[in-house]
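Structural characterization, general
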Amino acid sequence: MLNSFMSYLHSTVTPGEAGNQLWALIYVLIIFAGVSLTVMWLINWVERKALAHFQVRLGPMRVGPHGLLQPFADALKLMLKEDIIPAEADQLIFWIAPVIGLLAAFTVYTVIPFGPSQAVSDMNIGILFMLGVSSLGVLGIVTAGWASNSHYPLIGALRSSAQMVSYEVAMGLAVVSAILMTSLNSTGTGTLSMIGIVRAQQEQHVWFLFKFFPLGFIAFVIFAIAMVAETNRAPFDLPEAESELTAGFHTEYSGLRWSLFMLAEYAAMMAVSSIAVTMWLGGWMRPFPNLLHGPAWELIFSLFPGLSFAAFAGFAFIGTVRMPKHSFFKVQRIGLGIFALVLAFIALVLFVIAIAGRNADTSIAASFREGIDYVYWFLMKIAVFMYLFIWYRATWPRYRFDQLMRVGWKVMLPISLGVLILTAIVGVLV
Amino acid sequence: MTEQKTPDQKAPATIPAQSKQLPGGLTDTSMRVTGTRLDPSGALGSRAASAAHLDLDTPDHPYLDSNELVINMGPQHPATHGVLRVILKLDGEKVLGTECVIGYLHRGVEKIAENRTYTMFNPYVDRMDYVAAVSNGLGYCQAVEKLLNVEAPPRANYIRVILTELNRLASHQLWLGTHALDIGAMTPLFYTFRDREEILKIFEKYCGARLTTHAFRIGGCLYETYAGFEKDVKNFLKFFEPKIDEYETLLTGNRIWIERTKNVGVISAADAIALGVTGPVLRASGVKWDIRKAIPYANYADFDFEIPIGENGDTYDRYLVRMREMRQSLRILEQAVNGIPEGPIMAKVPKVIKPAPGEVYHSIEAPKGELGYFIVSDGSTQPYRLRVRPPSFVNLQALDVMVRGALVADVVAVIGTLDIVLGEVDR
Amino acid sequence: MAEESKSPVPTPPEGEVKPTAEKAVPPASVGAQSPEKPVGSVQTTQAAAKPGGEGAPAKPAATAAAPAKPAAPTKPAGPVPMPWTSPMVEKYKAQYGSGLEAQTYLGQNYFSVDRSLIPDFLRLLRDEEQFDYCVDITAVHWPKREKQFDIYWILYSFARNERVRVRTQIGDGATIESSVSIWATADWLEREVYDMFGIQFDGHPDLKRILMPDGWKGFPLRKDYGILQQDKEWVQINLGIESGQ
């Protein structure tokens, strides 16, 4: 067992390839726990605080220092709520709809490459698998609307599913144009595997975002817009807006079931962001791997994880110092201080690993350092996208449903087709 | 004070030539519903069949056509700005007709007026359009002053103008925030409310209340301007001008905003006039008419400002008209605060107000439209009849015409753009 | 400015700007409750509000003349309705003869017309005199009169920038033609008049209550409807409580 554990540490393939079920299980658990926790805690907190700051207010401040424990309080409240199921609803389908949504959202994480070997499994149809399974989320929404047995959720569910389906076409075409770029190597064959796509970017020494400028960029923009529509986020959130008449497919869901839908939505957001990051933004690669190469630069860039956590720790420390010096705030001050210390400790550990593993040998520290770096850059890029999601929500009004469909079919589809054809032509010519 | 002008003296109104004269004065023939219960031949036209076609329990109209759906935007709804019930008849997403059910906030203000003296009734008028309370007070005080045949002194008028224009800004800001929220942009709401706080602070310093201010008295103002009033208003002007630019940056050029508001809720000028719509809604349809210019009151003739108008009469034009009105209000405020004359703030009005028997109608340009007071006096200290002509009540009638043929999501936008306050609709 | 007091009590300014309101106290046939309040610079220190101090309601007939002013030598004569002359008035007087009176009071012009002239006169006003904007339609209840209701149309013309009132009188239970076919805005305005006074408008497409609940009995703005009166039956059935008070 220990053998199985240790033998994998220097592997260059994913546990799925290596047949290492223990590590595969570890990865799955880490991903599930990590994604759930991230979504529930980090993204929820960041969304509420960021939205609040956009709107010139503070956001949650009381539950935990600066509202850091607010998501836990919300989760607890939702769990303790009465589980209401409409009498007319189809009980089994009502129960199973959020499960379907969750399954679809979480299953795609098995192929998301956090690093060259940091994925559960590297299927050679990776991207196809991702697009296919994430489309199953629509099924969850439709079954939710249907099972509610009430025509407002049904209309909302149908609208939502129509929207998601129509933007998947544009998404798919944009993805195909990125995949075309993977075939610009010596053998002339591209790959659908996620890790292969990032390796292709690595070999071609360019993020596909900048390849054949502006074609790659346009494909990326198409995908970026389509993924917002895909996840029913603003400005495409008419199906779940409150001030519209049909209140959305999750009207009849309360308490924990509703939070499962929200979990699925945020997980899907992260999943499509990771597709975007993998296809166009170079996946786990650090910025400028070819321009700024060499052990010195490697060391500098590997300090970034530690620096990030040190920065977080610094913010937490400043928050602790600036907390009002009143007895009401004693607990919050202590809590925030402890949080700052924890973050500082993590930063310290990361620094140690970065420095200890600076010689690219096969020591445990080096392999840990590499793994951490890969995962770090991948997550940072996803974080940028999540922030963009929140920014869009704060800024823009929402599209009316017919305008939304028009944009999806009449604008995005032709453009993505055009980009695809042009990419193919340019790829052949160049 | 005479309201009769010879035709060539002042002709501020320009209305387009009416293309086809239909019954009721409407020119919209696109969505005509004829053959209703009370009007089988359809002779009364589309407008006349407004609610009758939604009549649900007559034997000659089936309850539900196979394609049609009657749904209810209930009295309690995040987007109806108060207790308003809108019954929508839909064909899929398209609205075939609407019926508004109002009266949930009816408090019998006109009946109360018959049982209070003129002075006692003054605080009640603030509660009608509670968003723009100062304007209500201005209209009422001026109507009673007209009945008494007195004129408030110029200093009082300047103070009145300053507070009323500040109130107009506050009302438009609230409109902007809630309208944007209904359409989905959540951020402008917070910005406008934060900036509105500055206006409410000035009100609080002046008369002690932020919202229902009871700022004016019959004959003038009760309170002299506090020390620092001019400075506060000037600081506010400096503070606020870039804020309008901020709101415009967020919304005016925003592709999504334009798509949600352009050609939504269109009402032609002829329809608007026939329906009695006033205020920014009328001006956005192209009719250049503002009571402050047409029948000036309270020294508005001293100030130089423009009347913004729109072209298409759609929601986007109403948005632009109100934004420009805010800028013009800033102009008026600047002129007013720089030129407050010295003098008394209260005319010589007896302590017990007992107007001669007679009647008078006086209207002002409230932020929502023409707010009119029709007071009939029988010579006693209490009004014999006090009728309030509320702009929101009449504007809300136009909802039906404006959303025919639009989609469900537009109904919310149109209700927002009409800028109704249910306190005024129901009184 | 020295005289300008900053206290909240309004002190009278010096000199009269305009004649102040005339307290036209008609001969007090209903108890001598209302002492004549002197108008002028002397402020009484008594309580200002005397809600009971009303005189008998004046009864303006179609040909209004000011009620007889009491012979108080200190009060100037107050405003009275004056005859209103204009080309438009001449035209309609010629057309309608005695059924139409035109007056002006405090600068506001109004027609008092016979019931039979409605709705033709209104239609003429819109079509020929360009009064295309109906500002308001309202009613006043004079219970002691034979024709109890005054109905007012307040009209405005954009082209002429002129506002005019048209008044007619009808009796209790009588109906009057609806103006919906003339101005579309009359729809809700007439519904409110019906709701508050009970006046039926013939030809209105959907005359039902607008502000009061459907099924309410009684017309609240009539003078015989008490201010605290409620339709007890409606309250009990719909709200489930014994009384709304």
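Thresholds, definitions, all that
- Residues numbered from 1 in each chain as written.
- Chains lettered and ligands numbered in written order.
- Predicted model: local features only at pLDDT ≥ 70, side-chain atom pairs only at ≥ 80, totals over all residues.
- Helix = DSSP H or I, 4+ residues; strand = E, 2+ residues; numbered from the N terminus.
- Buried ≥ 20, exposed ≤ 12 C-beta atoms within 10 Å, placed from the backbone.
- Contact = placed C-beta atoms within 7 Å.
- Nonpolar A, V, L, I, M, F, W, Y, C, P; charged D, E, K, R; others polar.
- Pairing = 2+ DSSP bridges.
- Axes fitted to C-alpha atoms, helices over the stretch in contact; angles between N-to-C directions.
- Parallel < 35°, antiparallel > 145°, perpendicular 65-115°, else oblique.
- Left-handed = near helix turned anticlockwise from the far one by under 90°.
- Core = buried A, V, L, I, M, F, W, Y, C linked by C-beta atoms within 7 Å.
- pLDDT = per-residue confidence, 0-100.

Points about the overall build of chain C
Along chain C, the regular secondary structure elements total 4 helices and 8 strands. The linear arrangement of helices and strands in chain C, starting from the amino end, is β-α-β-β-α-β-β-β-β-α-β-α. With 245 residues in all, chain C has 39% of them scored as buried. Taking the contacts inside chain C whose residues are at least 6 apart along the sequence as the reference set, 48% of them involve residues at least 24 apart.

Looking at unusual backbone geometry
Cis geometry is adopted by the peptide bond preceding P119 of chain C, which originates at I118 of chain C and carries an omega value of 0 degrees. Topologically, P119 of chain C is positioned in the loop between strand 3 (108-113) and helix 2 (120-127). A positive phi is found at N149 of chain B, a non-glycine position, where the angle reads about 65 degrees. Residue placement: N149 of chain B occurs in the loop between helix 4 (133-148) and helix 5 (154-183). For N149 of chain B, a count of 20 C-beta atoms within 10 Å puts it in the buried group. One non-glycine residue, D419 of chain B, adopts positive backbone phi at about 55 degrees. Looking at where D419 of chain B falls in the secondary structure, it is placed in the loop between helix 14 (408-418) and helix 15 (422-426).

A few points about the interface of chain A and chain B
Listed per partner, the contact involves 22 residues of chain A and 23 residues of chain B. Secondary structure elements with two or more residues in the side of chain A that touches chain B: helix 15 (364-395) and helix 16 (401-429) of chain A. In terms of residue count, helix 16 of chain A provides more of the side of chain A that touches chain B than any other element does, 3 residues in total. Taken together, the residues that form the side of chain A that touches chain B break down as 12 nonpolar, 4 polar and 6 charged.

Regarding the sheet that holds strand 1 (residues 82-83) of chain C
Residues and elements named next belong to chain C. Read from one edge of the open sheet, 6 strands run 1-2-3-6-5-4, paired in mixed fashion. Each edge of the open sheet carries a strand with a single partner, namely strand 1 and strand 4 (133-141). For strand 5 (residues 149-157) and strand 6 (residues 162-170), the ladder comprises 9 bridges, and the chain directions are antiparallel. Its bridge partner being in strand 6, W153 is matched across the sheet by V166.

Structural notes on the environment of F131 of chain C
Residue and element names in this part refer to chain C. Looking at the element boundaries, F131 is found in the loop between helix 2 and strand 4. Under the C-beta neighbour-count criterion, F131 is labelled buried, with 27 such atoms within 10 Å. With 30 residues separating them along the chain, F131 and N161 place their C-alpha atoms 9.3 Å apart. When sequence neighbours within four positions are dropped, the list of residues in contact with F131 reads L125, R126, L155, Y156, S157 and V164.

Examining the packing of helix 13 (residues 304-322) of chain A against helix 14 (residues 330-356) of chain A
All names here are of chain A. Taken N-terminus to C-terminus, the directions of helix 13 and helix 14 make an angle of 160 degrees; their axes are 8 Å apart at the nearest point. Considered as vectors, helix 13 and helix 14 are oriented roughly antiparallel to each other. In this structure, the crossing between helix 13 and helix 14 has a hand that is left-handed. In this structure, helix 13 contributes P305, G306, F309, A310, F312, A313, A316, F317, G319 and T320 to the contact, and helix 14 contributes R333, L336, G337, F339, A340, L343, A344, I346, A347, L350, F351 and A354. For the contact of helix 13 with helix 14, the per-class residue count stands at 17 nonpolar, 4 polar and 1 charged.

Digging into the nonpolar core
A general tendency of soluble globular proteins is for nonpolar side chains to be buried together. Counting 284 residues, the largest nonpolar core has A226, A267 and A276 of chain A together with L155 of chain C as the members making the most contacts within it. With 16 residues, the single largest contributor to this core is helix 11 (residues 256-280) of chain A. Residues in contact with L155 of chain C, not counting those within four places in the same chain, are L125, F131, Y133, C134, V135, V164 and V166 of chain C.

Considerations on the pairing of strand 5 of chain C
On a regular strand, each side chain points to the face opposite its neighbour's, so the side chains alternate between the two faces of the sheet. Residues and elements named next belong to chain C. Counting buried positions along strand 5 gives 8 out of 9 residues, so the element sits mostly inside the fold. Taken together, the 8 bridges between strand 4 and strand 5 define a ladder with antiparallel strand orientation. Residue pairing across strands places C134 opposite L155, the latter belonging to strand 5. From the end of strand 5 to the start of strand 6, which pair antiparallel, there are 4 residues, and N161 there has a positive phi angle of about 50 degrees.

Description of the sheet that holds strand 3 (residues 94-101) of chain B
Across a sheet, paired strands are connected by hydrogen bonds in the backbone, their directions being either parallel or antiparallel. All names here are of chain B. As summarised here, the arrangement of the 3 strands in space is 1-2-3, forming an open sheet in which the pairing is antiparallel. Taken across any chain shown, the strands that pair with only one partner, and hence form the sheet edges, are strand 1 (68-73) and strand 3. Pairs of neighbouring strands in the sheet enclose a mean axial angle of 20 degrees, with direction left out of account. The pairing of strand 2 (residues 85-91) with strand 3 spans 7 bridges and is antiparallel. If you follow D91 over to strand 3, its bridge partner there is K94. Relative to strand 2, helix 14 is tilted by about 150 degrees, and along the sheet it contacts strand 2 and strand 3.

Some points on the confidence of the model for chain B
When pLDDT is averaged along chain B, the result is 82, and 84% of the positions lie at 70 or above. Confidence drops under pLDDT 50 across residues 1-64 of chain B; counting only partners more than four residues distant or on other chains, this segment forms 125 contacts.

A look at the environment of R167 of chain C
All names here are of chain C. Its location among the elements puts R167 in strand 6. Sequence separation between R167 and A139 is 28 residues; the distance between their C-alpha atoms is 9.1 Å. Contacts of R167, omitting those with residues within four sequence positions, involve Y110, F111, S112, D150 and Y152.

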